[in-house]
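The lines below spell out each chain.
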Amino acid sequence: MSRGILWFRQDLRLRDNPALAAASKECDELLCVFIDDPQDQTISQLGAASRVWLHHSLTALQASLRKKGSELYFAQGPSQEVLEELISQSGAQRIYWNRCYDPVTIERDKSIKTALSDLQPRTFNGLLIHEPWENLKSDGSPYRVYTPYWRAAATALGKEPDRLQTLNMPRNIPALSDVAAQALAACVSLEQLELLPCRDWHESMLKDWQVGEDAAQAQVERFLKSAVHGYDEGRNLPAEQGTSRLSPHLHFGEVSPRHILNRLLLERRLSALSESETTFAKEILWREFAYSLLFHFPQTIDEPLDPRFRKFEWAEQTDEHLRRWQRGMTGVPIVDAGMRELYATGWMHNRVRMIVASYLIKNLLIPWQAGEQWFRDKLVDADLASNCMGWQWTAGCGADAAPFFRIFNPVLQGEKFDKQGDYVRRWVPELAEVAKKYVHKPWELDAQTRSGIDYPEPLVDLKQSRERALTSFTAIKGTKTA
Ligand SMILES: Cc1cc2nc3c(=O)[nH]c(=O)nc-3n(C[C@H](O)[C@H](O)[C@H](O)COP(=O)(O)OP(=O)(O)OC[C@H]3O[C@@H](n4cnc5c(N)ncnc54)[C@H](O)[C@@H]3O)c2cc1C
């Protein structure tokens, strides 16, 4: 009789889960466990909003496992110590997990693999289509520009369509015997992990979300039936539901990118996709590009990839400006709308993420790391790889980055992508009655009308702050790169 441990991490699903599929086949009894590890950078130590999502995702996973006659166990503490205790308490002889790719987790997992070598740990790829060491340039180095990365990935998929084959949910997930289950003194209840905050802000945050694997699958189908066909245009319009909103599901592994591409392609080749479908496939692969960058340049978690930016002169005494940006009180409507959407829902539209990030970095001259941290705490899809890449991209110091001197004008961005001002009016109710002409620049209203609106004046002058940023950039432009 063989007893195994299935260690759930960033793969909170039963379908297309290679570690679970192998463990279910090879073991007679399976202990399914999630460990809340204070050293973990991938899941547990993300911010408050992500922990709320995690709580509900684990609830859903537990329900799915129970339907299969199995159970999800929970533990808290450094993963290696917890696993060693679980092995000794349960008598497990095997262990399985799907790989994660942030630098701290990689090191931790390596040492766990060595410590548990007697159990011959088996690890799998459940998070990505291409792991970071797979899609490399011909000289073996990683891509730093996305278009060639995408071309190489698309070519590889053309040659290897089986890579997108998904695994069914295991028909049978062997349960742990009652005797073994009773010996698990290291386990606690989900509530004891205290993933939910004491105050109840999280209930309103999750009101528009359905969490868990079944919800993720349904969302994939809904999106692929409708919005994907207008994705090329729709993905830029924050007032519309033009994007998939799959990011938190992907982050927690409630659905695999393989499943999404598989359902998008429906037996077709990538080259047979429409333009909108291709753009969507490219976005799914952007996420993989981010994982590749994090793996090959782990320092980019908090350091700029372009070393010139280490000498960049940021503004001094920025606490008040940062606070106003975080609260959505900068006086720039599209920025405030985005920051309030983030606060209320744990998510923000990609176009607006770029606008608010550009405003923080280039108009307020606040280091991108401060914005990255705020996003990490407030996003339900907070993801070390995508978040660091997104911030560095906007700052102009990352891979394939927008040049620093290309500074978004938030008024023009608003007028172009939120033409009627619907997005701003939804999130900044103070401006609900303002005419379209002024909704993105209420400071141009006449003084009398303005005095009747309880909305702040802009924190900084957009033109002057832009000039100031360009001056700071010019100072580092010619400096040597390392
Ligand atoms: C400053 C900044 C910070 C960001 N932080 C995160 C983050 O913490 N977590 C996160 O998942 N995404 C992040 N992104 C990327 C992007 O904004 C979100 O993935 C996207 O808005 C999620 O919405 P969606 O699922 O509807 O996306 P869709 O447009 O439907 O795209 C489908 C999927 O493709 C992936 N994707 C799309 N765009 C990107 C991108 N630019 N980079 C990486 N993957 C992408 C996501 O997994 C997304 O779910 C950030 C972008 C910026 C500019």
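Residues numbered from 1 in each chain as written. Predicted model: local features only at pLDDT ≥ 70, side-chain atom pairs only at ≥ 80, totals over all residues. Heavy atoms only, no water.

## Observations concerning the overall build of the protein
Then comes step 1: For the protein, the helix and strand inventory stands at 22 helices and five strands.
Then comes step 2: Computed over the C-alpha atoms, the radius of gyration of the protein is 24 Å, within 12% of the 23 Å expected from 2.2 N^0.38 for a compact globule of 482 residues.
Then comes step 3: With 482 residues in all, the protein has 57% of them scored as buried.
Then comes step 4: Restricting the contact set of the protein to residue pairs at least 6 apart, pairs at least 24 apart contribute 80%.
Then comes step 5: Of the accessible surface of the protein, which amounts to about 21,300 Å², a share of 48% is contributed by carbon and sulfur atoms.
Then comes step 6: Averaged over its 59 positive side-chain charges, the protein has a centre that lies 6 Å from the centre of its 64 negative ones. (Helix = DSSP H or I, 4+ residues; strand = E, 2+ residues; numbered from the N terminus. Rg over C-alpha atoms; globule rule 2.2 N^0.38 Å. Buried < 20%, exposed > 50% of the residue type's maximum accessible area, 1.4 Å probe, protein only. Contact = heavy atoms within 4.5 Å. Areas by Shrake-Rupley, 256 points an atom, 1.4 Å probe, with all protein chains shown as cover. Lys, Arg positive; Asp, Glu negative; His and termini not counted. Charge placed at Lys NZ, Arg CZ, Asp CG, Glu CD.)

## Remarks on the site of the ligand
Then comes step 1: Surveying the vicinity of the ligand reveals 26 residues, the closest of which are Tyr231, Thr243, Ser244, Arg245 and Asn350.
Then comes step 2: A distance of 2.7 Å separates an oxygen atom of the ligand from a polar side-chain atom of Asn350.
Then comes step 3: Look at the ligand: alone it shows 810 Å² of surface, and the protein chains cover 95% of it.
Then comes step 4: Looking at the shell around the ligand, the elements with two or more residues in it are α10 (247–251), α12 (275–296), α15 (350–363) and α17 (384–395).
Then comes step 5: Here the residues of the shell around the ligand are counted per class, giving 13 nonpolar, seven polar and six charged.
Then comes step 6: Here the shell around the ligand spans two domains, since at least three of its residues come from each of domain 2 (128–168 + 211–296) and domain 3 (307–477). (Near = heavy atom within 4 Å. Polar contact = N/O pair within 3.5 Å; in protein donor to acceptor, adjacent residues only side chain to side chain. Nonpolar A, V, L, I, M, F, W, Y, C, P; charged D, E, K, R; others polar. Domains from an automatic or database assignment.)

## Looking at the UniProt feature "site: Electron transfer via tryptophanyl radical" (unreviewed entry) in the protein
Then comes step 1: Cross-referencing UniProt, the feature "site: Electron transfer via tryptophanyl radical" (unreviewed entry) maps to Trp314, Trp368 and Trp391 in the present numbering.
Then comes step 2: When neighbours within four sequence positions are excluded, Trp314 is seen to be in contact with Ile361, Leu365, Ile366, Pro367 and Trp368.
Then comes step 3: Secondary-structure assignment places Trp391 in helix α17.
Then comes step 4: Dropping the residues within four chain positions of it, Trp391 is found in contact with Trp325, Ala357, Leu360, Ile361, Trp368, Gly371, Glu372 and Phe375. (UniProt positions renumbered as here; feature names shortened; annotations may be inferred.)

## Digging into the pairing of strand β2 (residues 29–36)
Then comes step 1: Along β2, eight of the eight residues are buried, which leaves the element largely enclosed by surrounding structure.
Then comes step 2: The two faces of β2 match: Glu29, Leu31, Val33 and Ile35 on one face and Leu30, Cys32, Phe34 and Asp36 on the other face are all buried.
Then comes step 3: Pairing between strand β1 (residues 3–8) and β2: six bridges, direction parallel. For Phe8, the partnering residue across the bridge sits in β2 and is Phe34.
Then comes step 4: As for the winding sense of the linkage, the β-α-β connection from β1 through helix α1 (residues 18–26) to β2 is right-handed.
Then comes step 5: Bridge analysis of β2 against strand β3 (residues 72–76) gives five bridges, and the strand direction is parallel. Pairing of Cys32 across the sheet is with Leu72, part of β3. (Pairing = 2+ DSSP bridges. Right-handed = clockwise from strand over helix to strand, strands pointing away.)

## Things to note about the pairing of β1
Regular strands place side chains that alternate from one sheet face to the opposite one.
Then comes step 1: A large share of β1 lies buried, amounting to six of its six residues.
Then comes step 2: On β1, burial covers both faces: Arg3, Ile5 and Trp7 on one face and Gly4, Leu6 and Phe8 on the other are all buried.
Then comes step 3: Pairing of β1 with strand β4 (residues 94–98) involves four bridges; the strand directions are parallel. Looking at the pairing, Trp7 lines up with Trp97 of β4.

## Observations concerning the packing of helix α8 (residues 213–225) against helix α11 (residues 257–265)
Then comes step 1: Running from N to C, α8 and α11 cross one another at 30°; their axes reach a closest spacing of 11 Å. Judged by the twist between their axes, the crossing of α8 over α11 is right-handed. In this structure, α8 contributes Gln217, Val220, Glu221 and Leu224 to the contact, and α11 contributes His259, Ile260, Arg263 and Leu264.
Then comes step 2: Taken together, the residues of the contact of α8 with α11 break down into four nonpolar, two polar and two charged. (Axes fitted to C-alpha atoms, helices over the stretch in contact; angles between N-to-C directions. Left-handed = near helix turned anticlockwise from the far one by under 90°.)

## Observations concerning the pattern of salt bridges
Then comes step 1: Going through the model one piece at a time under the given rule, you end up with 30 salt bridges.
Then comes step 2: Of the charged contacts, one joins Glu213 and Arg15 as a salt bridge, the two residues approaching to 2.9 Å between their closest N and O atoms. Placement of the pair is Glu213 in helix α8 and Arg15 in the loop between β1 and α1, with a sequence separation of 198 residues.
Then comes step 3: With its nearest N and O atoms 2.7 Å apart, the salt bridge here joins Arg308 to Asp306. Residue Arg308 shares its accessibility class with Asp306, and that shared class is buried.
Then comes step 4: Residues participating in the shared-partner salt-bridge network are Arg9, Asp37, Asp40, Arg108 and Asp109. (Salt bridge = Lys/Arg side-chain N within 4 Å of Asp/Glu carboxyl O.)

## A short note on the packing of aromatic side chains
Then comes step 1: Counted under the stated rule, the structure contains 25 aromatic pairs.
Then comes step 2: A centroid spacing of 5.4 Å and a plane angle of 80° characterise the contact between Trp53 and Trp209, whose relative ring orientation is edge-to-face. Linking Trp53 in helix α2 (residues 48–67) with Trp209 in the loop between α7 (201–205) and α8, this pair joins segments that are 156 residues apart in sequence. Both residues of the pair, Trp53 and Trp209, belong to the buried class.
Then comes step 3: Pairing Phe375 with Trp391 gives two aromatic rings, centres 5.0 Å apart and planes at 75°, and the pair type is edge-to-face. Of this pair, Phe375 sits in helix α16 (residues 368–378) while Trp391 sits in helix α17, and the two are 16 residues apart along the sequence. We note that Phe375, like Trp391, is buried.
Then comes step 4: Arg245 extends its terminal NZ or CZ atom over the ring of Trp209, reaching a point 4.5 Å from the ring centre. (Phe/Tyr/Trp six-rings, centres within 6.5 Å; stacked < 30°, edge-to-face > 60°. Lys NZ or Arg CZ within 6 Å of the ring centre and 35° of its normal.)

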